[in-house]
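Inside the fold
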Amino acid sequence: MSFLTSVRTIVKEGEVEKYVEAVRAWEAPTDMNGYFAQTGERSFIFTGVFKNKESLVAARPQMIAHLDSVRDLLEEISADLGVTDPVSGPVLVEKLNWCT
């Protein structure tokens, strides 16, 4: 069963270009398909889709290292969340009508 992880971020004023370039340059885990979208002027979401839960768990150190490298570019979302709003879980429905 495929697993995905999504993380929402808000980038500090004046740092959007630097953040986008850092995400583009990041060498993502080989067991992941990644999607990066801008959802507002300074807000972004990244979604990674993995072959299985084990692939996601194995990739977490690499994803955390990337986050640590861009953490200073991010604004705190809330005191509870910090600079990211991450969620992960199993893919229950997959529709790939245009990708096949």
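Structural notes, computed from the coordinates. Because the structure is predicted, anything quoted here is derived from the model rather than measured.

1. Some remarks on the overall build of the protein chain
Within the protein chain, the secondary structure is distributed over two helices and four strands. Order of helices (α) and strands (β) in the protein chain, N terminus to C terminus: β-α-β-β-α-β. A globule of 100 residues ought to have a C-alpha radius of gyration of about 13 Å, and the protein chain, at 14 Å, matches this closely. Evaluated residue by residue, the protein chain yields a buried proportion of 33% over its 100 residues. For the protein chain, restricting intrachain contacts to residue pairs at least 6 apart in sequence, the fraction spanning at least 24 positions comes to 67%. With an accessible surface of roughly 6,800 Å², the protein chain has 52% of that area assigned to carbon and sulfur atoms. Positive and negative side-chain charges in the protein chain, numbering 10 and 15 respectively, have mean positions lying 5 Å apart.

2. Description of the sheet that holds strand S3 (residues 43-50)
Sheet architecture is open: four strands sit in the order S2-S3-S1-S4, paired in antiparallel fashion. Looking at which strands have only one partner, the edges of the open sheet turn out to be strand S2 (32-38) and strand S4 (85-90). Averaged over all adjacent pairs, the angle separating strand axes in this sheet is 15 degrees, with direction ignored. Bridge count for strand S1 (residues 3-10) against S4 is six bridges, and the pairing is antiparallel. Bridge pairing in S4 places Arg-8 opposite Asp-85. Across the face of the sheet, helix H1 (residues 16-25) comes into contact with S1, S2 and S3 while running at roughly 165 degrees to S2. Running over the sheet, helix H2 (residues 53-70) touches S1, S3 and S4 and is turned about 30 degrees from S1.

3. Some points on the pattern of salt bridges
Under the criterion given, the structure shown has five salt bridges. In this structure, Arg-42 engages Glu-75 in a salt bridge whose closest nitrogen and oxygen atoms are separated by 2.8 Å. One end of the pair, Arg-42, is in the loop between S2 and S3; the other, Glu-75, is in the loop between H2 and S4, and 33 residues separate them in sequence.

Calculation criteria
Residue positions are given per chain, counted from 1 along the sequence in the order it is written. pLDDT decides what is reported in this predicted model: residues at 70 or higher carry local features, side-chain atom pairs at 80 or more are listed and counted, and totals for whole chains, interfaces and linings draw on all residues regardless. To get the side-chain values, take all heavy atoms of the structure and skip hydrogens and water. The secondary structure listing takes helices from DSSP runs of H or I that are at least 4 residues long and strands from runs of E that are at least 2 residues long, numbered from the N terminus. We take the radius of gyration over the C-alpha atoms and set the globule estimate at 2.2 Å times the residue count to the 0.38 power. Three exposure classes are used, based on accessible area relative to the maximum for each residue type with a 1.4 Å probe and protein chains only: buried under 20%, partly exposed in between, and exposed over 50%. Contact definition: two residues touch when any of their heavy atoms are within 4.5 Å. Calculation of accessible area relied on Shrake-Rupley with a 1.4 Å probe; when residues are assessed, cover is drawn exclusively from the protein chains displayed. Charged residues are defined here as Lys and Arg on the positive side and Asp and Glu on the negative side; His and the ends of the chain fall outside this count. Taken as the charge location is NZ of Lys, CZ of Arg, CG of Asp or CD of Glu. Here the rule is simple: two strands pair whenever DSSP picks up at least two bridges between them. Every axis corresponds to a line fitted to the C-alpha atoms, with the helix fit spanning only the stretch in contact, and the corresponding angles, defined between N-to-C directions, vary from 0 to 180 degrees. Here a salt bridge means any side-chain nitrogen of Lys or Arg lying within 4 Å of a carboxyl oxygen belonging to Asp or Glu.

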